[in-house]
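# Structural overview for review
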Amino acid sequence: MLGDAPLVAMIPAADVARAKAYYTDTLGLELKDAGPHGELTFVCGGTEFGIYETPSGGQAAHTLASFEVSDLNAEMAGLRGKGVVFEDYDMPGLKTVDGVVEDEGMRAAWFKDCEGNVLCLHQRTAG
């Protein structure tokens, strides 16, 4: 039934204007549309995702979205240059070194957006 329907992720924001500036200026994403109620639609890698305003924006403690990149180190360097801080984790099954976890077939790094939402960069590796 839904196998042919495009999936659009929705990211909550306590302040949509602040989120709009962050996602366009800091992350360099293309704003496709701003709806009549302040909701935003961004285009990223041929897909779309939305941002909507809600008082509960930024309260989820888990990853809301992950960007698949071809060069994790280069993407991290570029984002760090724009003030993005990558999270460090040390828990069973997940330990980062300089913000990066390496696992079989994958490297990943997490950061929080301006609203406190957890986002990820991941790179597939041979293995």
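Use the structure listed above.
Throughout, residues of each chain are indexed from 1 in the direction in which the sequence is written. Reporting of local features is limited, given that this is a predicted model, to residues whose pLDDT is at least 70; pairs of side-chain atoms are given and counted only at 80 or more, and all residues count toward the totals for whole chains, interfaces and linings. Side-chain numbers come from the whole structure's heavy atoms, not from hydrogens or water.

## Focus: the environment of Val8
Which entries qualify depends on this criterion: Here a strand is any run of E in DSSP of at least two residues, a helix any run of H or I of at least four, and the numbering for each starts at the N terminus. Type-normalised accessible area, obtained with a 1.4 Å probe on protein chains alone, sets the label of each residue: buried when under 20%, exposed when over 50%, and partly exposed for intermediate values. The contact criterion used throughout is that any non-hydrogen atoms of two residues lie within 4.5 Å.
Structurally, the position occupied by Val8 is in the segment before strand E1 (9–13). Taking the relative accessible area as the measure of exposure, Val8 reaches 40% and is therefore partly exposed. Not counting residues up to four positions away in its chain, the partners in contact with Val8 are Glu48, Phe49 and Gly50.

## Brief notes about the pattern of salt bridges
Selection criterion: The term salt bridge refers to a side-chain nitrogen of Lys or Arg lying within 4 Å of a carboxyl oxygen of Asp or Glu.
Using the criterion set out here, one finds six salt bridges in the structure. Arg80 is the salt-bridge partner of Asp98, the closest N and O atoms lying 3.6 Å from each other. A residue pair is termed long-range when its members are at least 10 positions apart, and Asp98 in the loop between strand E7 (94–95) and strand E8 (100–103) and Arg80 in helix H2 (residues 72–80) qualify at 18 residues. Accessibility expressed as a relative area gives 56% for Asp98, which makes it exposed. Across the pair Lys95 and Asp90 runs a salt bridge whose closest N-O atoms are separated by 3.6 Å.

## Describing the sheet that holds strand E4 (residues 47–53)
Sheet strands line up and pair through hydrogen bonds in the backbone, either parallel or antiparallel. Cut-off, in case you're wondering: By definition, two strands form a pair when at least two bridges between them are found by DSSP. Axis lines are fitted to C-alpha atoms, over the contacting stretch for helices. Their N-to-C directions set the angle, which ranges from 0 to 180 degrees.
Across the sheet, four strands lie side by side as E1-E4-E3-E2; this open sheet has mixed pairing. Each edge of the sheet is formed by a strand with only one pairing partner; in this case those strands are E1 and strand E2 (30–34). Going from strand to strand, the sheet's axes swing by 30° on average, the running direction of each strand aside. Judged from the five bridges that link them, strand E3 (residues 40–44) and E4 form a sheet pairing that is antiparallel.

## Concerning the sheet that holds strand E9 (residues 106–112)
Read from one edge to the other, the open sheet built from four strands follows the order E5-E10-E9-E8, with strand pairing classed as mixed. With one partner strand each, in any of the chains shown, strand E5 (63–68) and E8 form the two edges of the open sheet. Strand-to-strand, the axes of this sheet are offset by a mean angle of 25°, without reference to chain direction. Bridge count between E5 and strand E10 (residues 118–124): five bridges; the pairing is parallel. In the sheet register, Thr63 faces E10, and the bridge partner there is Val118. H2 rests against E8, E9 and E10 of the sheet, and its axis sits at about 15° to E9.

## Re the packing of aromatic side chains
The cut-off we apply is this: Between the rings of Phe, Tyr and Trp (Trp by its six-membered ring), a pair exists once the centres lie within 6.5 Å; its type follows the angle of the planes, with under 30 degrees stacked, over 60 edge-to-face, and the other angles tilted.
Within this structure, the stated rule accounts for six aromatic pairs. Measuring from centroid to centroid gives 5.8 Å for Tyr23 and Phe49, while their planes differ by 55°, and the two rings are tilted. Of this pair, Tyr23 sits in helix H1 (residues 16–26) while Phe49 sits in strand E4, and the two are 26 residues apart along the sequence. For the pair Tyr23 and Phe49, one class covers both residues: buried. Taking the centre distance of 5.7 Å and the plane angle of 85° together, the rings of Tyr89 and Trp110 count as edge-to-face. Taken together, the residues span a long stretch of sequence, with Tyr89 in the loop between H2 and strand E6 (90–91) and Trp110 in strand E9 at a distance of 21 residues. With respect to burial, Tyr89 and Trp110 carry one shared label: buried.

## Some words on H1
The condition that has to hold: By definition, the arc is the one covered by directions from the helix axis to the C-beta atoms. In protein, a polar contact requires one atom able to donate a hydrogen and another able to accept it; more generally it is a pair of N or O atoms within 3.5 Å, and residues adjacent in sequence count only if both atoms are side-chain atoms.
Looking at H1, one finds that the buried residues are Val16, Ala19, Tyr22, Tyr23 and Thr26. The buried residues of H1 occupy an angular sector of 140° when the element is viewed end-on, so they sit on one face. Turned more than 90 degrees from where H1 packs its buried face, Ala17 and Asp25 sit exposed. Buried-residue contacts for H1 involve E1, E3, E4, H2, E9 and E10. If you check the start of H1, you find a side-chain oxygen 3.1 Å away from the backbone N of Ala17, and it comes from Asp15. Just downstream of H1, Gly28 is the residue with a positive phi angle, here 75°.

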